[in-house]
Each structure stands twice: as C-alpha cells, then as structure tokens.
Amino acid sequence: MMDGSTQTHPVILTTCPYCGTGCGVAVTVKADKVEVAGDTLHPTNYGRLCVKGAALGETMLPKGRLLYPARREADGFKRVSWDSALDQVASGFQRIIDQHGPGSVAWYVSGQLLTEDYYVANKLVKGFIGSANIDTNSRLCMSSAVAGHKRAFGEDIVPVSYEDLELADLVVLVGSNTAWCHPILFQRLVKARERRPEMKLVVIDPRRTATSEMADLHLPIRPGTDVWLFNGLMSFLHQHGVVDTAFTDGHTSGLARAMAIADNTAGDLRSVAAQCKLQESVLAEFYRLFARTAKVVTAFSMGVNQSSSGTDKVNAIINCHLLTGRIGKPGAGPFSITGQPNAMGGREVGGLSNMLAAHLDLDAPAHRELVQSFWQSPAIADKPGLKAVDLFDAIDSGQIKAVWIMATNPVVSLPDADKVKRALAKCELVVVSDVMANTDTTAYAHVLLPAQGWGEKDGTVTNSERCISRQRAFLPAAGEARPDWWALSEVARRWGYGAQFPYQSADEIFDEHARLTAFGNADDASPRYLNLSGLIGLGKTAYDALQPIRWPVAAAPAAVFADGRYYTPDRRARFVPTTPQMPGQRLDDDYPLVLNTGRVRDHWHTMTRTGLAPRLATHVSEPFVDLHPQDALLCGVREHELARVSSAHGSCVVRVRLSGEMPRKSVFVPIHWNAQFASDARVGALVNPVVDPVSGEPEFKHTPARVEPFLVAWHGFALNRDGESGDSSREGDLKSLTADAAWWTRITGDGYTRHELAGRRSDASWASRARAMLGASEDADWLEYEDSTANIYRAALIVGGRIEACLFISPRPDLPSRAWLSSLFAKDQLEVADRIGLLVGEPLARGDDAGATVCSCYGVGRKTIEAAVRGGCATPAELGAKLKCGTNCGSCVPELKGIISELRAQALAKA
Ligand SMILES: Nc1nc2c(c(=O)[nH]1)N[C@H]1C(S)=C(S)[C@@H](COP(=O)(O)OP(=O)(O)OC[C@H]3O[C@@H](n4cnc5c(=O)[nH]c(N)nc54)[C@H](O)[C@@H]3O)O[C@H]1N2
Ligand SMILES: Nc1nc2c(c(=O)[nH]1)N[C@H]1C(S)=C(S)[C@@H](COP(=O)(O)OP(=O)(O)OC[C@H]3O[C@@H](n4cnc5c(=O)[nH]c(N)nc54)[C@H](O)[C@@H]3O)O[C@H]1N2
Ligand code: SF4
Ligand SMILES: [Mo]
C-alpha cells in the first residue's frame, strides 16, 4: 500500500566505479541523497560492498565538479560553449597534424573509461588519425600481465574466475594487497577458507600487510626478486618430479630452454633463499605446499606488474602452472587481478598503443585489413604507438605537440611526475576531459571538457574475471557534462567522419564493438577467444536490461584452455625463459632505501572522489612514510613527526609512521595525496621512470630514496565548519592558514574541513593571528588559551552555541584527539564541559574519544576497540558481536586481529 507520505523510489542496478572486482551496486535516488547498497543478485558480490563502494553516495556531490567547457586565457579559465570548445579541439589538432603529421598528436586515456568511450577513442585514433599514439593509464597497471599472457598464450586471456579462487586448495597472492585493494574478492576467499579450512593462503610481499595478516604463510620477499623465487620453484618442481608430462608434451613448447634457464639462474633452495632474503625453511615450506597441491591459483597484481622485470615475473609464474598442467581446470591457474573498474574492457577494445581492437594484432597485416574494412576508415595504424612514459617524454621533447587526456591524472600518477608537469607546460595544446574542475592535471589544460561521472554515464565495464556488467545512469548530468564518447564523436564529425561516428547512445557503440569481436572470427583454425557474437543486435531495451555476463558470449562458449589449445600459431602454450634481473636503479650511499609505493584501504588513486567522503577520510587521514624503526633511527626521524623523502628525481614531505610492517631498508609511501590535498606529498615526483623492457610498465615499487627529518617549530591543526553549499564558508581564511604553514594537508570531515599544519616560524604570538585565521570578529564568542613559554595555543570560535572553528598548536605533534573534536561538530549546542575541554585540550569525560577510525563501515575507532579487548573480547568475531566492527565488508578484520595481538603482547610483557 502506498499512501501520500511514503514514496517508493525505483532501485537502479549498476556497477561500482572503483576496483576491478566489479561489484554490483543497487542505488536508490531520494530527494536529498543517493542511497547505495550491494546488488544482492550480482554474481560478483551477492549484496556485499566494501567501504569505498558503500560510501559512493557521499561522493555524489556538485562540489568541485567541472560543469562547463572552459578555455584557458591569460587570467584563468573562462566558460565557453561546447561548440566553441570542440571547434578549438578539432581545429587545433588538425592544424598540428597538417603541419607535423599524425605522429605529432596523442591521446592518453584510462581504465576508468567505459568500454564504449574506450572503443570510440581507439577507433578515432588508430583508424582515422592513422597513428597508434593512444595509450592508457593501464600501461602503469597491468600491461606486464597483458604482455606475459601474449607471450605464453598468444592472446591476452585471463584463464581464471573468482569461483576458481574459491575452489583452489592453495591460493598464492603475489605482490597483491587484496584485503585492501580488492576487498570483496578477498572476503570471498576468506569465506571459502572458513568453509574449507584445508585451503591454504600464501602471501608473497616484502611488507606485512592486511592481506599477509590473514595468510597461513607470508614470504617477505626482498623487493624485485620474484623471478628468482619462481624460477627456483620451477626447478624444485622438476627435481621432485612434479611435472604433468602429458600436458607439457601435448600442449606446450619451449620447456627445455626455460627449464635450463631456471635451473641455471635459481640454483638450489639455499641460494634462492639468500637471493630473496627469505628463511630457507619458509621458502621450502612454500615450495613443498605448491608441489603437493593440485588445485593452485597464483593471483598477482602490482608487486608483480610494476617492475622492470614485470613481464618476466608474470611468465615465471605462468611457467610453474604450465609445468604442472595447472591451468584450464577448475580451481587452478595464474590470475592477474586487474586494478581499475574497466581495465579489462580497455584491453578488449585495444586501448594500449601496441594493440589494435578486439584482440587483433597491430603488427598482423591481415588483422589491420580486417579492422580497416570493418571501420571503413581512411587509414589504419601500422606500427605501435608510444607507451605512456615515452609518450610524455615525446611531449617534453616537442615531438608530440597536442594531447587529449581523458579520465586520468598523469601529473600525479606517472613516474618522474615533475617532468610530466614540465612537459605539459610547454605542450602547444592540452585538452583534459575530467569530472572535476581542479586536479593537478586540469591546471595544465588549454581546453577543459566536462565529462559525465559515475551515476550519470551509461555503458559497460568488464571486471577481472571477464564479466561484463552495466554501469547505468540514475542522475541527470551535472551542468553541461557529456559522455566522453560524445565529445570524441563530435570531434570526428568536425573532421568529416560523421558517418563513421553516428552514435546517439551507448548501446549503438556496444553493438559495433560486439560485431567487431565476431568479424572474421568464425570457428576456423585460429579463432580469437574474445567473441561477443551472442551480444550482437541487442537493441536499447535488451542492452539496458543486460545482466552480468562472462565472455566469450559465442555460439559454443568453452571453458578457457580446457581443451589444451592456445592462440599461438601451433596452438601450444609457450614456456618463456626468464632470466632474473635486479631492479633498474641501484641503491647507493645517497639513496640507500627502496621506495615502495601503493594504496591504502579507503582512498582511490588521486582522491578526486574518495577525498570528498568524510567516512573515507579517517582510516588513514594523512600522507605518510612507513619505515622500519631501525631505519628511522638511522635517518634521524621520529614517529608522528615530518620527514622529507627524496630520490634523484624529486621529493615529498610526509608524516613518519612506524607500523612495524616494513622490512629493513624499505620505505612505503601511499600514492593518493597531491596538490589538492597537501602542500607537498605527490610521491610520483620521486618515482624513477625505469620501465619493463617488454611491456613499458614503470617500476613504481622500487626507487632508491632517502629519508630526512623535516624540521618545524610547531605542529597544529584547525577544524572549520563547512558552509551550506558544502564548500568551506571561509575559503579566504583557510588560505591564510595554509599560507602561513611550511606544510599542510587537508582532510574532509563530516560538516567541516580539517587542516593538519606545521610551520617553521615561532616568533609571532598566535593570539594576534588566530582570530584572522579563523575569521573571528572582535565581538565573537571566542575561547582561547595560550602558554607562550611552552608555545602551546588553543582557540575556538563559537557561533550560536555551535562550534564553528578551532585551532590547536604545539611544538610537538602531541595534539588533542581529532576524533573527539569532530564529535563536537555534530552537536547543535556545546555544553559547559565541551567548552572546558576545548580550553584544556582534551575531553573531560573518558570514552568521549573513540580514537582513529579502524572500521569505516560502522565508524568504530581504535580506542573503543582497545577498551573492548581489555574488557575481554579476544577475537575479531567477539569484537564484531559487541561493536559491529568488521561485520560488514570485513576489510578491517586484519587490523582487529592486529590490535588484539598487540594488546596481548603488551599484557604479556607487563606480566
Ligand atoms: N583502496 C584502493 N583499492 C584499489 C585502488 C586504490 O587506489 N585504492 N586502486 C585499484 C588499482 S588501479 C590497482 S592497480 C589495484 C592495485 O592493487 P595491489 O596490487 O594489491 O596494490 P598495491 O598497493 O599497489 O601493491 C601491492 C603490493 O605489492 C607489494 N610489492 C612491492 N614490491 C614487491 C615485489 O618486488 N614483489 C612482491 N611480490 N610484492 C611487492 C607492495 O608491498 C604492496 O603491498 O588496486 C585497485 N584497488
Ligand atoms: N607511485 C605510484 N604511481 C602509480 C601507481 C603506483 O602503484 N605507485 N599505480 C598506477 C596505477 S596501477 C594506476 S591505475 C594509476 C591511476 O592513476 P590515475 O588514473 O591518474 O588516477 P585517478 O585518480 O583514478 O584519475 C582519474 C581521473 O579521471 C577523472 N574521472 C573519473 N571518472 C571520469 C569519467 O567518467 N570521465 C572522465 N573524463 N574523467 C573521469 C577523475 O576525476 C580523475 O581526475 O596510477 C598509477 N600510478
Ligand atoms: S570491492 Fe569495493 S571498491 Fe571494489 S568493486 Fe567491490 S565495492 Fe567497489
Ligand atoms: Mo591500476
């Protein structure tokens, strides 16, 4: 029954725009908010979402969006019409091509485009510009896996499904912090092991991570030495007769040579252990476990791919699976976990500069002919284009004079990122399509094009297990935002290719893509496995209703490789000899530490979206460098203080953290923070631009670096209530706050903005400056405490009984609890105790401080958890029963385990 007061809202099913797990999301749009839940029928997640997915509603804000096309003029960006912006793009590119040829322009796109956008971009460049200078941020992500697959299988095929992970008796995770980066996939694994305790989990990662915390065995491998480890495994398997001879004889080639190289380079267990800096007993345990378990999945991600020997790492892993015939069977195979939501879709349409489309080869004349005749195009690229790092070098050298960047933020995410800035600054024409107005990259644009974001755009994505899902629109586009495929097609039309780019909606593009995968792909001697013939001719209605479906979608879909046939000319899988190499840049006295970079649980890449959500801000609220306590001592840095991390390429300033997770001589800095969120924390500036020789993927996990104290006279922080529009009501005052600091970082709170600050000057009195900084007038309700000898200062501005802003300063980073202060911002009226608390710098009542967030789903803080452990909770399950923490997405369970064992160790030490 519906009455006037209860309105029902339609539920829209769509797909999460974050990681490659590809969870189904059910969205309800209400008048004042977007409610997000897991899609209970989606075969990936069956209703579960991790905290990033669950917080999507908090990111659907008008705040910061790029709403209109804009052109840079001498005094900043000016709004222009779409027509005028597109004319400028079309004529600008045309002029440069006319003068300098098709090789002088480039596109740099992204695994966060929908398949339809990606298809149109690739078609335009490879078929109509006739060059292959289109590369994607997937080059930085899984191009080593693509290259490894092509070398071994002849086609870029991921032969494993999520179900295989659950069916395996041994899952080896190599260079993958799955618990944080693919949380729902990891939860499926954890649940499978709960059902079948005989299943074993091995994690190979130099760091201790949330993932290794859950493992049966952790191999803290010396960075960069994975090829030794897997060559050693191959030798070991061979020596112990763990070889599927029927399979290797019948379905593979190249075994003898690969085996000889493995034997020669790895040597015995002892030398592998020494090379990889592992305990021999631990290594032997892993080798034996692998040898005796038939159902093994070896899953890998950035610790493997982002390396100067990334492709060899991939093939060293695949070699072990081929040797044992553990591929193409349920519960077995090598598994590249993809990062971005549509990394796989990009591969299907040929988004990389060395691929064509539909898994066709750029260097095969017959394939080029096929694609050109299908596209009816005037040209077709006949040699590979520039790969991401080379592409930006070519911009720097002036060879590339115009670039169109779409759905990626290269000033943050490329290696040697200061060079990227310099390159873009001198480029003649930089076009940026983005959903946000201010990013480190949009600052360098000449033309800005507003793209529809998640919830507005419409199309398909493919997840890590080849499952195609719909992303559906459920909101009107913000401002004048348009789909990326539309902007590309409009430029094509201006070049006279309207007939070949006639698209009115995404389903038409998908149909063309599906037809191309089937074109010339009849079941003859060498069919391509990527075949979507079953999805041709859906029409808009069936496309809109499309249910998640794994490819191939053809007349006779086969389980991948079940028939032992591969896509090489002789239909055999290839063993690839892999000679181990040390990382590209060596450590030396100036830069004695390995800089490893990667992700934290609650942020996504350059934070353009997760940086908007208060719920995602407190698990890790600041950029940091994590290091071993001994290295910290040697570098002269102390926990919670600031440090400068530098390499031969650049530097950043971040908070020191001693988590106990780092091995000696390695430091870890997260990739997320950039100029929008911190004064100086873009770690990409440090990363060396060494790439894998086969794939061109950068070595993001290994840059020689050093760490030094960043000395400041004071530490502090300020909280400022946001205005009605969601923006800070006192932008100007905040500017004076950060301008005064030698270092700052910005954190999104629930109704307020927080700045962590540090400064060098300690001369002036705070009392004389703070009012102006917080925007307090002379007659304001103002609380203030100053101890000028100790250089401690506290102030709060109260308006209408509510806290409006506060500032805390101290010579040491031992400042009041942010969790407690943020709770004051939720109050409509401060009580007397709160006012006293503000003056003394701590809550009067115990228990008012929950501590830093551990469980973001239910907002449970560390201090609350510690109190429950002291009160008797001894397992994550007991904590969950009491506080709910860890009971939704489960990605904090490793941390809950960590807290329990830490307190237990403390108690034992006292006893
Ligand atoms: N929360 C969150 N999730 C994400 C993303 C995000 O930004 N935030 N991004 C998505 C994307 S695009 C990607 S690509 C994935 C990445 O997902 P992951 O690959 O799981 O994440 P990373 O943190 O980049 O790196 C993985 C691990 O490699 C380890 N490693 C470093 N060097 C070596 C080595 O030499 N050998 C081995 N074996 N390991 C090494 C690092 O210590 C690190 O723990 O995550 C996706 N999911
Ligand atoms: N040091 C270091 N660097 C790394 C890595 C590392 O491990 N270490 N990892 C690398 C990896 S694996 C990856 S995948 C990259 C990721 O790096 P980036 O791709 O640079 O990071 P994002 O923040 O995801 O950038 C996406 C941009 O697209 C915008 N956007 C979102 N949706 C749309 C849309 O629909 N259309 C358009 N036009 N724009 C949109 C967002 O606002 C944002 O500006 O970083 C790489 N860089
Ligand atoms: S695991 Fe989380 S981030 Fe990844 S797709 Fe699922 S809900 Fe989104
Ligand atoms: Mo990625």
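The rules behind the values
- Residues numbered from 1 in each chain as written.
- Chains lettered and ligands numbered in written order.
- Predicted model: local features only at pLDDT ≥ 70, side-chain atom pairs only at ≥ 80, totals over all residues.
- Heavy atoms only, no water.
- Pairing = 2+ DSSP bridges.
- Helix = DSSP H or I, 4+ residues; strand = E, 2+ residues; numbered from the N terminus.
- Axes fitted to C-alpha atoms, helices over the stretch in contact; angles between N-to-C directions.
- Contact = heavy atoms within 4.5 Å.
- Near = heavy atom within 4 Å.
- 1 Å grid on protein atoms, 1.4 Å probe; cavity = no way out; pocket = protein on both sides within 12 Å on 5 of 7 lines; lining within 4 Å.
- Sits in = over half its atoms within 2 Å of the grid points.
- Nonpolar A, V, L, I, M, F, W, Y, C, P; charged D, E, K, R; others polar.
- Polar contact = N/O pair within 3.5 Å; in protein donor to acceptor, adjacent residues only side chain to side chain.
- Areas by Shrake-Rupley, 256 points an atom, 1.4 Å probe, with all protein chains shown as cover.
- Buried < 20%, exposed > 50% of the residue type's maximum accessible area, 1.4 Å probe, protein only.

(A) How the structure looks around the sheet that holds strand β26 (residues 703-709). Taking strand neighbours around the barrel as the criterion, the six strands line up as β21-β25-β22-β24-β23-β26 in a closed arrangement whose pairing is mixed. Here the strands of the sheet are splayed against their neighbours by 45° on average, with no regard to which way each runs. Where strand β23 (residues 642-646) and β26 come together, four bridges link them in antiparallel fashion. Among the inter-strand pairings, Ser-646 is bridged to a residue of β26, identified as Arg-706.

(B) Up close: the sheet that holds strand β12 (residues 296-300). Spatial strand order, β10-β9-β8-β12-β13: five strands in an open sheet with parallel pairing. With partners counted over all chains shown, the strands left at the sheet margins are β10 (217-219) and β13 (333-336), one partner each. With strand direction ignored, the average angle separating the axes of adjacent strands in the sheet is 15°. Two strands pair when backbone bridges link them, and strand β9 (residues 200-204) and β10 are joined in this way by three bridges, in the parallel orientation. Across the sheet, residue Ile-204 finds its bridge partner in β10, namely Leu-219. Against the sheet, helix α9 (residues 226-239) makes contact with β8 (170-174), β9, β10 and β12, and its axis sits at roughly 140° relative to β9, the strand it touches most. Those strands touched by helix α15 (residues 310-323) are β8, β12 and β13, and its axis lies near 175° from that of β12.

(C) Layout of the site of ligand 3. As a matter of local geometry, ligand 3 sits amid Cys-16, Tyr-18, Cys-19, Thr-21, Gly-22, Cys-23, Leu-49, Cys-50, Lys-52, Gly-53, Pro-183 and Ile-184. More than half of the atoms of ligand 3 fall within 2 Å of the grid points belonging to the largest cavity. Sorting the residues of the shell around ligand 3 by element identifies α1 (51-54) and α7 (183-195) as the ones contributing at least two each. Its residues assigned to classes, the shell around ligand 3 comprises eight nonpolar, three polar and one charged.

(D) Quick look at the site of ligand 1. In the vicinity of ligand 1, 35 residues are found, and the nearest of them are Asp-205, Gly-224, Ser-301, Arg-599 and His-603. Residue Asn-177 places a main-chain N or O atom 2.7 Å away from an oxygen atom belonging to ligand 1. Contacts to ligand 1 include Ile-204, whose backbone N or O atom sits 3.1 Å from a nitrogen atom. When ligand 1 is considered free in solution it has 910 Å² of accessible area, and contact with the protein chains removes 99% of it. Mapped by element, the contributors of at least two residues to the shell around ligand 1 are α6 (178-181), α14 (302-305) and β21 (593-598). Among the residues making up the shell around ligand 1, the classes are represented as twelve nonpolar, 15 polar and eight charged.

(E) Just the pairing of strand β31 (residues 792-799), in detail. Most of β31 sits out of view: six of its eight residues are buried. The turn linking strand β30 (residues 781-787) back onto β31 is made up of four residues, and Asn-791 within it adopts a positive phi angle of 60°. Note that β31 and strand β32 (residues 802-810) share seven bridges and pair antiparallel. Bridging from a neighbouring strand, Ile-798 pairs with Ile-803 of β32.

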